[in-house]
Structures are given as C-alpha cells and as structure tokens.
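Observations on the three-dimensional arrangement
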Amino acid sequence: QVQLVESGGGLVQPGGSLRLSCAASGSTSSITRMGWYRQAPGKERELVASISSGGSTEYGASVKDRFTISRDNAKNTVSLQMNSLKPEDTAVYYCHLLYRTYTLVSAWGQGTQVTVSS
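What this report covers is the structure whose coordinates are included nearby. Note that the structure is predicted; figures quoted are calculated from it, not measured. (Residues numbered from 1 in each chain as written. Predicted model: local features only at pLDDT ≥ 70, side-chain atom pairs only at ≥ 80, totals over all residues. Heavy atoms only, no water.)

Let's shift gears to the overall build of the chain. Scanning the chain for helices and strands turns up zero helices and 11 strands. If you list the helices and strands of the chain from N to C, you get β-β-β-β-β-β-β-β-β-β-β. Against the 2.2 N^0.38 benchmark of 13 Å for 118 residues, the chain shows a C-alpha radius of gyration of 14 Å, consistent with a compact globule. Its C-alpha atoms give the chain principal-axis dimensions of about 45 × 25 × 20 Å. When each of the 118 residues of the chain is scored for burial, the buried share is 40%. The contacts of the chain with a sequence gap of at least 6 include a subset with a gap of at least 24, amounting to 53%. (Helix = DSSP H or I, 4+ residues; strand = E, 2+ residues; numbered from the N terminus. Rg over C-alpha atoms; globule rule 2.2 N^0.38 Å. Buried < 20%, exposed > 50% of the residue type's maximum accessible area, 1.4 Å probe, protein only. Contact = heavy atoms within 4.5 Å.)

And the structure:
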C-alpha cells in the first residue's frame, strides 16, 4: 500500500508563488508516475502536472511555463512550484500517484487548498 500526505497550500496574492509538496510512504519502490490535479468550485478535476519515474513531465495548458513539477525518488516526494499565480488558479490541489501491484493502482492525497486573492 502507498499513502500520500500533502502540504504547502495557503493564501497568496496574484503574481505570487507557492510550493506544494507530497510525501509518499508504504510500498514506495513500486511507484511509477506522480502528479498533481486540481478542482475548483463548480468545475471538474483537471490535470495540473505529472512526472514519470524517469523525469518525463506533462503539464496542463493553463499552467505551462508557470508551474514546475519535480520529484525526489530517494525521498519519495513530489513537489509543485507555482509561480505567477492567478486568481483562476484557486482550487483544491490533490497529489496523485500510480503504483504497481499486479496492475497499476491510483493513490490520492487528501487535498490542499490554494487561494489566490488580493
């Protein structure tokens, strides 16, 4: 089993920066892809960014060139550096990973609130 714990959410002003972190524990040797999703009120959950075990990244169009995802395989963590934040970035951000047992299995964090407002 793999468990996730998120941290780093909070209130920031437009144009500001915030860094989210997610720590995995359990059967961490089986983790493949890790990433972040977000869900704003009244909207569907969407991919923000993801990263493979080898470092290949994918970003949602609305955050590309502003956000950077990274992972530390030795520490079993994934982080999201968010720069030039906009009010429309306000959402609950969820850490996500895929890990392998006999099949690929998803694990989700509890979510952390990010609010961008003056």
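Bringing the pattern of salt bridges into the picture now. Considering all chains together, one arrives at three salt bridges under this definition. Note that E46 and R38 form a salt bridge whose closest N and O atoms lie 2.8 Å from each other. Across the pair D89 and R66 runs a salt bridge whose closest N-O atoms are separated by 2.8 Å. Placement of the pair is D89 in the loop between β8 (77-82) and β9 (91-100) and R66 in the loop between β6 (57-59) and β7 (67-72), with a sequence separation of 23 residues. Judged by its relative accessible area of 12%, R66 falls in the buried class. A network of salt bridges, in which partner residues are shared, links R38, E46, R66 and D89. (Salt bridge = Lys/Arg side-chain N within 4 Å of Asp/Glu carboxyl O.)

The next point concerns the sheet that holds β7. With respect to topology, four strands assemble into an open sheet ordered β1-β3-β8-β7, the strand pairing being antiparallel. A strand with exactly one partner marks an edge of an open sheet, and here the two such strands are β1 (2-7) and β7. Each adjacent strand pair in this sheet contributes to an overall mean axis angle of 15°, direction not counted. As paired elements, β7 and β8 share six bridges and run antiparallel to each other. Following the sheet pairing, I69 is matched in β8 by L80. (Pairing = 2+ DSSP bridges. Axes fitted to C-alpha atoms, helices over the stretch in contact; angles between N-to-C directions.)

To continue, consider the side chain of R71. Within the fold, R71 resides in strand β7. A polar contact of 3.2 Å, which involves the side chain of R71, links it to the backbone oxygen of S52. Here the side chain of R71 touches N73 through a polar contact of 2.7 Å, side chain to side chain. When residues no more than four places from it in sequence are discounted, the contact partners of R71 are I31, T32, R33, M34, I51, S52, S53, T77 and V78. (Polar contact = N/O pair within 3.5 Å; in protein donor to acceptor, adjacent residues only side chain to side chain.)

What follows concerns the environment of G10. By the element assignment, G10 lies in strand β2 (residues 10-12). Along the primary structure G10 and T90 are separated by 80 residues, whereas in three dimensions their C-alpha atoms are 10.0 Å apart.

Further remarks concern the pairing of β8. Summarising the sheet, strand β3 (residues 18-26) and β8 pair through six bridges and their orientation is antiparallel. When the sheet's bridge partners are listed, A23 is paired in β8 with T77. Linking two consecutive strands that pair antiparallel, namely β7 and β8, is a turn of four residues; a positive phi of about 60° is found at N76 within it.

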